[in-house]
Amino acid sequence: MKNALLLSAAAVTVLTLGACNPKPDASTPASEAIAPSETTHVRSTTPDPDMQAVLDKLASLGGKPIETLDEIEARKQPSPADAVKAIMADKGMKPDTTVTTRDVTYKAAAGTQAARIYTPPNVAANAPVILYIHGGGWVIADLNTYDGAPRALSKLTGAIVVSIEYRHAPEAKFPAAHDDANAAYQWVLANAASWGANPANVAVVGESAGGNMAVNVAIAARDNGWTAPKAIVAVYPVADSNMATGSKVAQAAAKPLNTPMLAWFFTKTLANPAQALDPRLNLVGANLNGLPSTTIILAEIDPLHDDGVNLADKLRAAGVPVEVRDYAGVTHEFFGMGLVVADSAGAQEYAADRLKLAFGK
């Protein structure tokens, strides 16, 4: 029986629910590669102390539940990145400024959008280039919210990283953001040489909604004959429109992302409910053949955890080389917190190692 989608402002539900995935053995390490179909949708809902410190600081900033707000108010709420900055200020920590940045604009699919170019210290001639796409459910967040990950990846890989803005919903509904990401990739290919980078040695990286778009950029490159990325890194990507996956049920009340927020994002983003099954959003239903080596990074305490696992299974079935690393005791948004969360620093190093391998470094 085909999945039928019911969408409202309060919930998104896909009928014909699959069985919940089994728990792994208790001996499973805190972070590890996941074998095909070895889903670990919930081992714990208890964050590690350093992760909990970020969540506590975020709560102290007095934000309101995103899913109860309109998009204008939602964009004004404190973010996990604000919590990280507050913790650093409390501890007298200074941000890493060894990676330099330059703000520019690019020609998006409609109009222009902002972009930020990160250049590592002592950058080599003909350096690799990474297109980085931030998260925020296609509705909230910006280049400043997601500064930590592209900055760290530039330093760790020696690559020039280009973080791009894109049109947000509901002002620009799906597929506006996806179209902008594709335009940004073509712009990176056309301009990388002028930045001292090698447009033939390119990768795409994204977090959450950006992880979804990173995969979509690789699909568009395959389908349109553009230079193919050497690798994809998708960090807790949006990939499965089924709102009753094991992790979306088990981690429905997680922080800072919960399942009602996912429903809110979809409601704001979609022009009509049927779009939730568009393969650009529901990546588990997309044609994934011929994509480059893909790395998927997951957080245990995250309703999107099983989206990544299910995507990995589909990629393997399509013959795509895949590695999945699952981090216990951390939540959605942990990846950019390397200065204050140990697993984040580890995940950034792992992603950088995978990228360097793809770049031939």
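Structure: above.
Everything quoted here is computed from the prediction, not taken from an experiment. (Residues numbered from 1 in each chain as written. Predicted model: local features only at pLDDT ≥ 70, side-chain atom pairs only at ≥ 80, totals over all residues. Heavy atoms only, no water.)

## Here we look at helix α9 (residues 305-317)
With 13 residues, α9 extends 19 Å between its outermost C-alpha atoms, agreeing within 8% with the 18 Å of an ideal straight helix rising 1.5 Å per residue. Residues His305, Asp306, Asp307, Gly308, Val309, Asn310, Leu311, Ala312 and Leu315 constitute the buried set of α9. Those residues of α9 that are buried are in contact with α6 (209-224), α7 (246-250), β10 (293-301) and β11 (322-331). Within two residues after α9, Gly319 carries a phi angle of roughly 85°, on the positive side. (Helix = DSSP H or I, 4+ residues; strand = E, 2+ residues; numbered from the N terminus. Expected span 1.5 Å × (residues − 1). Buried < 20%, exposed > 50% of the residue type's maximum accessible area, 1.4 Å probe, protein only. Contact = heavy atoms within 4.5 Å.)

## A look at the side chain of Ser79
You can see Ser79 is positioned in the loop between α2 (71-74) and α3 (80-90). Residues contacting Ser79, with those up to four places away along its chain left out, are Leu58 and Thr145.

## Describing the environment of Met93
Looking at where Met93 falls in the secondary structure, it is placed in the loop between α3 and β4 (100-107). Owing to a relative accessible area of 30%, Met93 belongs among the partly exposed residues under this scheme. In this structure, the C-alpha to C-alpha distance between Met93 and Leu339, residues 246 residues apart in sequence, is 8.8 Å. Beyond its immediate sequence surroundings of up to four residues, Met93 is in contact with Met88, Leu339 and Val340.

## Some words on the pairing of strand β8 (residues 197-207)
Taken across its 11 residues, β8 has 9 buried, putting it largely inside the fold. Bridge analysis of strand β6 (residues 127-133) against β8 gives 6 bridges, and the strand direction is parallel. Looking at the pairing, Leu131 lines up with Val204 of β8. Both β8 and strand β9 (residues 231-235) contribute to a ladder of 5 bridges, which runs parallel. (Pairing = 2+ DSSP bridges.)

## Some points on the nonpolar core
Across soluble globular proteins, you tend to see nonpolar side chains buried next to one another. In this structure, Val162 and Ile297 are the most contacted members of the largest nonpolar core, which totals 107 residues. At 8 residues, α6 tops the list of elements feeding residues into this core. Apart from residues no more than four positions distant in its own chain, Val162 is found in contact with Ala115, Arg116, Ile117, Val129, Ile130, Leu131, Tyr132, Trp187, Val188 and Trp195. (Core = buried A, V, L, I, M, F, W, Y, C linked by side-chain atoms within 4.5 Å.)

## Quick notes on unusual backbone geometry
Generally, phi is negative for residues other than glycine and the peptide bonds are trans, each holding for most cases. Following Ala169, the chain continues into Pro170 via a peptide bond in cis, with omega recorded as 5°. Each neighbour pair has its own omega, and for Lys255 with Pro256 the value is 0°, a cis peptide bond. You can see Pro256 is positioned in the loop between α7 and α8 (259-269). We note that Ser208 has phi near 60°; this positive angle belongs to a residue other than glycine. Located in the positive-phi region is Tyr236, a residue other than glycine, with phi close to 30°. Take Tyr236: it is sitting in the loop between β9 and α7.

## Considerations on the packing of helix α1 (residues 49-60) against α3
Here α1 crosses α3 at 105°, and the two axes come no closer than 8 Å. It follows that α1 is roughly perpendicular to α3 by the angle criterion. Residues Ala53, Val54, Lys57 and Leu58 of α1 form the contact with α3, whose own contacting residues are Pro80, Ala83, Val84, Ala86, Ile87 and Asp90. The class makeup of the residues in the contact of α1 with α3 is 8 nonpolar, no polar and 2 charged. (Axes fitted to C-alpha atoms, helices over the stretch in contact; angles between N-to-C directions. Parallel < 35°, antiparallel > 145°, perpendicular 65-115°, else oblique. Nonpolar A, V, L, I, M, F, W, Y, C, P; charged D, E, K, R; others polar.)

## A short note on helix α4 (residues 148-157)
With 7 of 10 residues buried, α4 is to be regarded as a mostly interior element. Buried within α4 are the following residues: Ala149, Pro150, Arg151, Ala152, Leu153, Ser154 and Thr157. Close packing links the buried residues of α4 with β4, β5 (112-119), β6, β7 (160-164), β8 and α10 (342-359). Directly after α4, the chain includes Gly158, whose backbone phi takes a positive value near 75°.

## Details of the environment of Gln77
Inspection of the secondary structure puts Gln77 in the loop between α2 and α3. Given a relative accessible area of 14%, Gln77 falls into the buried group. Between the C-alpha atoms of Gln77 and Gly63, which are 14 residues apart in sequence, the distance is 5.3 Å. Excluding its chain neighbours within four sequence positions, the residues that come into contact with Gln77 are Gly63, Lys64, Ile66, Leu69 and Asp82. Of note is the side chain of Gln77, whose polar atom sits 3.0 Å from the backbone oxygen of Glu73. (Polar contact = N/O pair within 3.5 Å; in protein donor to acceptor, adjacent residues only side chain to side chain.)

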